[in-house]
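Descriptive structure summary
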Amino acid sequence: YAPSQDDTARSAYTAPVVCSTPTAPRNFVAQTTGLGYHTARLMWDAPSSDGGCSVTYEHRHTVSGGSWPDWTDAGTATQVDIDGLLSGTSYTFQVRAENSRGVGPAATATLTTRAGLPTPPDSGSVRSFTAAPNPFNPQTTVRFHLPTEGPVSLVVYNLAGQPIRTLLAAEHRSAGSHAVVWDGRDAQGRPVASGVYLLRWTLQDQIIVRKITLLR
């Protein structure tokens, strides 16, 4: 018996993977970290079930029981830092897993910052200046919130202080939330090497620097 073309096609056929939505991330905690305790570090473990497909994560937070914002992508990272916390303020954080089938239930953690902390140096002009995912591959999204409009610069430097990529060059931005993506490439469009880089954010006379890590 010689197999027909139909027999060969059937033998080579692989059934598609059928996913179910993942369960909630496990062991989700939020704790203050860094100088002045104005940064929340969110940490969690992978869900007990990924639904049969690989997962990525999203997070969000609300202040003092306020309304929930949109979800922020964290990629495959299981840790993220949220900057710009205010003194003596209650925060509620959520994280959830997502695969190709959909999103799973959210895990929730709460945190109240210690009263009497000095005002964060960046809270007057920019709020929630974050880059996520961090570490990242192949790209990360820089998010910030401006209480007032103004010219914003955002430049990526290496640890030697050399500019790698200008993402914003004194571009006028309105008050509100903004997002800028860095794709891990330099000014000539070439992929940069794995390592730690610096994000330098400037608004008029204010400068904020954050570290980000690229893992190829």
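The structure presented is a predicted model; accordingly, all values stated were derived computationally and were not measured. (Residues numbered from 1 in each chain as written. Predicted model: local features only at pLDDT ≥ 70, side-chain atom pairs only at ≥ 80, totals over all residues. Heavy atoms only, no water.)

Digging into unusual backbone geometry
Quick reminder of the rule: By definition, any uninterrupted DSSP run of H or I lasting at least four residues is a helix, any uninterrupted run of E lasting at least two residues is a strand, and each is numbered from the N terminus. Classification of residues uses two cut-offs on accessible area relative to the type maximum, computed with a 1.4 Å probe and protein chains only: under 20% is buried, over 50% is exposed, and between them is partly exposed.
Omega for the bond connecting Ala132 with Pro133 falls within 30 degrees of zero, at 0 degrees, which places this linkage in the cis form. Mapped onto the elements of the fold, Pro133 is located in the loop between strand S8 (127-132) and strand S9 (140-146). If you check the backbone angles, Asn27 has positive phi at about 55 degrees while not being a glycine. Within the secondary structure layout, Asn27 lies in strand S1 (residues 26-33). With a relative accessible area of 52%, Asn27 lands in the exposed category. For Ala170, which is not glycine, the phi dihedral falls at a positive 50 degrees. Inspection of the secondary structure assignment puts Ala170 in strand S11 (residues 163-173).

With respect to the nonpolar core
What counts is decided by this rule: Here the nonpolar core consists of buried residues drawn from Ala, Val, Leu, Ile, Met, Phe, Trp, Tyr and Cys, with membership extended through side-chain atoms lying within 4.5 Å. Whether two residues touch is decided by their heavy atoms; if any such pair falls within 4.5 Å, the residues are in contact.
Membership of the largest hydrophobic core comes to 22 residues, with the highest contact counts inside it found for Phe144, Leu154, Trp182, Tyr197, Leu199 and Trp201. Sort the elements by how many residues they give to this core and strand S13 (residues 195-203) lands first, with 4 residues. Look past the residues within four positions of Trp182 in its chain and what remains in contact with it is Phe136, Pro138, Gln139, Thr140, Val156, Ile164, Arg165, Leu167, Val192, Tyr197 and Ile212. Counting residues in hydrophobic clusters, the runner-up holds 19 residues, among them Phe28, Ala40, Trp44 and Val80.

Considering the pairing of S11
Worth spelling out the cut-off: Paired strands, as defined in this entry, are two strands with at least two bridges between them according to DSSP.
Pairing of strand S10 (residues 150-158) with S11, which is carried by 7 bridges, proceeds in the antiparallel orientation. Residue pairing in the sheet places Val156 in a bridge with Arg165 of S11. Between the antiparallel neighbours S10 and S11 lie 4 residues, among them Gly161 with a positive phi of about 85 degrees.

Considering the sheet that holds strand S6 (residues 90-98)
Threshold: Working convention: axes come from line fits to C-alpha atoms, limited for helices to the stretch in contact. Angles between N-to-C directions cover 0 to 180 degrees.
Read from one edge of the open sheet, 4 strands run S4-S3-S6-S7, paired in antiparallel fashion. Edge strands, defined here as strands with exactly one partner in the open sheet, are strand S4 (72-75) and strand S7 (107-112). The sheet shows a mean angle of 25 degrees between the axes of neighbouring strands, taken without regard to direction. Pairing geometry for strand S3 (residues 56-63) and S6, over 8 bridges, is antiparallel. The partner of Tyr57 across the bridge, within S6, is Ala97.

A short note on the state of the cysteines
How we decide: Only a pair of cysteine sulfur atoms within 2.5 Å counts as a disulfide in this structure description.
What the rule picks out here adds up to 1 disulfide. Through a disulfide, Cys19 is tied to Cys53; the S-S separation comes to 1.4 Å. With the S-S bond torsion at -40 degrees, the cross-link from Cys19 to Cys53 turns out left-handed. One end of the pair, Cys19, is in the loop between helix H1 (5-12) and S1; the other, Cys53, is in the loop between strand S2 (39-45) and S3, with 34 residues separating them in the sequence. When sorted by exposure, Cys19 lands in the same class as Cys53, which is buried.

Quick look at the packing of aromatic side chains
To describe a pair of aromatic rings, you give the distance between the ring centres and the angle between the ring planes. Let me state the cut-off plainly: Each aromatic pair joins two rings of Phe, Tyr and Trp (for Trp, the six-membered one) with centres within 6.5 Å, and gets the label stacked for planes under 30 degrees apart, edge-to-face for over 60, and tilted for any other angle.
A complete count under the given rule lists 6 aromatic pairs for this structure. Both rings, one in Phe28 and one in Trp44, keep their centres 6.1 Å apart while their planes meet at 75 degrees; by these two values the pair is edge-to-face. With a gap of 16 residues between them, Phe28 in strand S1 and Trp44 in strand S2 connect regions that are remote in the sequence. Neither Phe28 nor Trp44 differs from the other in exposure class; each is buried. With a centroid separation of 6.1 Å and 20 degrees between ring planes, the pair formed by Tyr91 and Phe93 is classed as stacked. When its relative accessible area of 5% is taken as the criterion, Tyr91 is described as buried. An aromatic cluster of at least three residues, connected via ring pairs, comprises Phe28, Trp44 and Tyr57.

Some words on the sheet that holds S13
Here we have 4 strands laid out as an open sheet, ordered S11-S10-S13-S14, and antiparallel in their pairing. This sheet does not close on itself; its edge strands, each paired only once, are S11 and strand S14 (206-214). Neighbour-to-neighbour, the strand axes of this sheet turn through a mean angle of 15 degrees, independent of strand direction. Here S13 pairs with S14 via 9 bridges, running antiparallel. In the strand pairing of S14, Val196 is matched with Thr213.

On their own, these measurements won't tell you what the molecule is for.
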